[in-house]
Amino acid sequence: MTLRADDIFEPGVATTLTGVADGLEGQLAGDLARLAAREGLPLVIVARDGQRLAAIERGLPFFAPDLDVVSIPGWDCLPYDRVGPTANVLAERLTGLSRLARGIDKAKPTLVIVSINAAIQRVPAPETIRKWAWSAAVGNVVDMDELVRWLEANGFSRSATVRDTGEYAVRGGIVDLFAPGATGPVRLDFFGDTL
């Protein structure tokens, strides 16, 4: 049986699906995201908790490797707790929010996955996220002094050698940095102002 968007979605009306068997969320999410993409829309899944969110994410590479997945996790601490969320959780959350703030590719099936806790937490306005996010690609022209100011303004600490999350080092035309949420440090090699 082939699903059609008209069979599931009604324009302007939120659709809720329940009772999906454990392990099949990834397959259903992929199928529904592809249907939503035909209408130029992303699919949003609100998981009941962080464990369910992680289970859905684990199934997606197998069932739907073509999806553009934007994951927004909740904090790993309680409100009014003495400790705040870890840097990795903050980085994952801001990465997802900045991807949404920049806009999604309507031609590609997109899945936004969020837990209930993450969905009810306050977030900065999209304009603020766009203003404070930084991204670059090989071949971009980047002012190294402006990058260093951005790193300092966003809590990175300068060190001689980058070893821990949140550190950066500048040596000539090279900037090493270890961003929260990254698996390891990265090296930005500049030729003049070209990355």
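This write-up is about the structure you can find in this document. (Residues numbered from 1 in each chain as written. Predicted model: local features only at pLDDT ≥ 70, side-chain atom pairs only at ≥ 80, totals over all residues. Heavy atoms only, no water.)

Attention now moves to the overall build of the protein. When helices and strands are counted, the protein shows seven helices and seven strands. The order of α-helices and β-strands along the protein, N terminus first, is α-α-β-α-β-α-β-α-α-α-β-β-β-β. Along the longest, intermediate and shortest principal axes, the C-alpha atoms of the protein span 60 × 40 × 30 Å. Residue burial in the protein is summarised as follows: out of 195 residues, 33% are buried. Carbon and sulfur atoms provide 55% of the accessible area of the protein, an area that totals close to 12500 Å². (Helix = DSSP H or I, 4+ residues; strand = E, 2+ residues; numbered from the N terminus. Buried < 20%, exposed > 50% of the residue type's maximum accessible area, 1.4 Å probe, protein only. Areas by Shrake-Rupley, 256 points an atom, 1.4 Å probe, with all protein chains shown as cover.)

Further remarks concern the nonpolar core. Core analysis: the biggest nonpolar cluster contains 14 residues, and Leu 43, Ile 45, Ile 56, Leu 60, Leu 67 and Leu 111 have the highest contact counts within it. Sorting the residues of this core by element identifies α2 (25-38), β1 (43-47), α3 (50-63) and β3 (110-115) as the ones contributing at least two each. Ranked by the residues each element gives to this core, the list is headed by α2, at four residues. Core analysis: the next-biggest nonpolar cluster, separate from the first, contains twelve residues, Val 175, Leu 177, Phe 190 and Leu 195 among them. (Core = buried A, V, L, I, M, F, W, Y, C linked by side-chain atoms within 4.5 Å.)

If you walk through the whole model with that rule in mind, you get six salt bridges. Note that Asp 68 and Arg 99 form a salt bridge whose closest N and O atoms lie 2.2 Å from each other. On the criterion of sequence distance, the pair formed by Asp 68 in strand β2 (residues 68-72) and Arg 99 in helix α4 (residues 87-102) is long-range, its members being 31 residues apart. Exposure remark for Arg 99: the relative accessible area of 24% places this residue in the partly exposed category. (Salt bridge = Lys/Arg side-chain N within 4 Å of Asp/Glu carboxyl O.)

With that settled, consider the environment of Tyr 168. You can see Tyr 168 is positioned in strand β5 (residues 167-171). For Tyr 168, a relative accessible area of 1% corresponds to the buried category. Residues Tyr 168 and Thr 194, 26 residues apart in the sequence, show an inter-C-alpha distance of 19 Å. In contact with Tyr 168, other than residues within four places in its own chain, are Val 148, Leu 151, Glu 152, Phe 156, Ser 157, Arg 158, Ser 159, Val 162, Asp 176 and Leu 177. At 2.3 Å, the side chain of Tyr 168 forms a polar contact with the side chain of Glu 152. (Contact = heavy atoms within 4.5 Å. Polar contact = N/O pair within 3.5 Å; in protein donor to acceptor, adjacent residues only side chain to side chain.)

Turning our eyes to something else, we now look at the packing of aromatic side chains. The full count for this structure, using the stated rule, is three aromatic pairs. Measuring from centroid to centroid gives 5.0 Å for Phe 62 and Phe 63, while their planes differ by 80 degrees, and the two rings are edge-to-face. With relative accessibility at 28%, the residue Phe 63 sits in the partly exposed group. Considering the side-chain rings of Trp 134 and Trp 150, the 6.2 Å spacing of their centres and the 40 degrees angle between planes classify their relative orientation as tilted. Of this pair, Trp 134 sits in the loop between α6 (126-132) and α7 (144-153) while Trp 150 is found in helix α7, placing the two residues 16 residues apart along the sequence. (Phe/Tyr/Trp six-rings, centres within 6.5 Å; stacked < 30°, edge-to-face > 60°.)

This part takes up the sheet that holds strand β6 (residues 174-177). Read from one edge to the other, the open sheet built from four strands follows the order β4-β5-β6-β7, with strand pairing classed as mixed. Each end of this open sheet is capped by a strand with a single partner; those strands are β4 (157-158) and β7 (186-189). Alignment of β6 against β7, held across four bridges, turns out to be antiparallel. Within β7, the position partnered with Asp 176 by the bridge is Arg 187. (Pairing = 2+ DSSP bridges.)

At a minimum axis distance of 7 Å, the contact between α2 and α3 shows a crossing angle of 70 degrees. Here α2 is positioned roughly perpendicular relative to α3, judged by the angle of their axes. Considering only the axes of α2 and α3, their crossing is right-handed. Contacts from Glu 25, Gly 26, Gln 27, Ala 29 and Arg 34 in α2 reach Arg 52, Ile 56, Gly 59, Leu 60 and Phe 63 in α3. Classifying every residue of the contact of α2 with α3 by side-chain character gives four nonpolar, three polar and three charged. (Axes fitted to C-alpha atoms, helices over the stretch in contact; angles between N-to-C directions. Parallel < 35°, antiparallel > 145°, perpendicular 65-115°, else oblique. Left-handed = near helix turned anticlockwise from the far one by under 90°. Nonpolar A, V, L, I, M, F, W, Y, C, P; charged D, E, K, R; others polar.)

Honestly, it's all geometry; don't read function into it.
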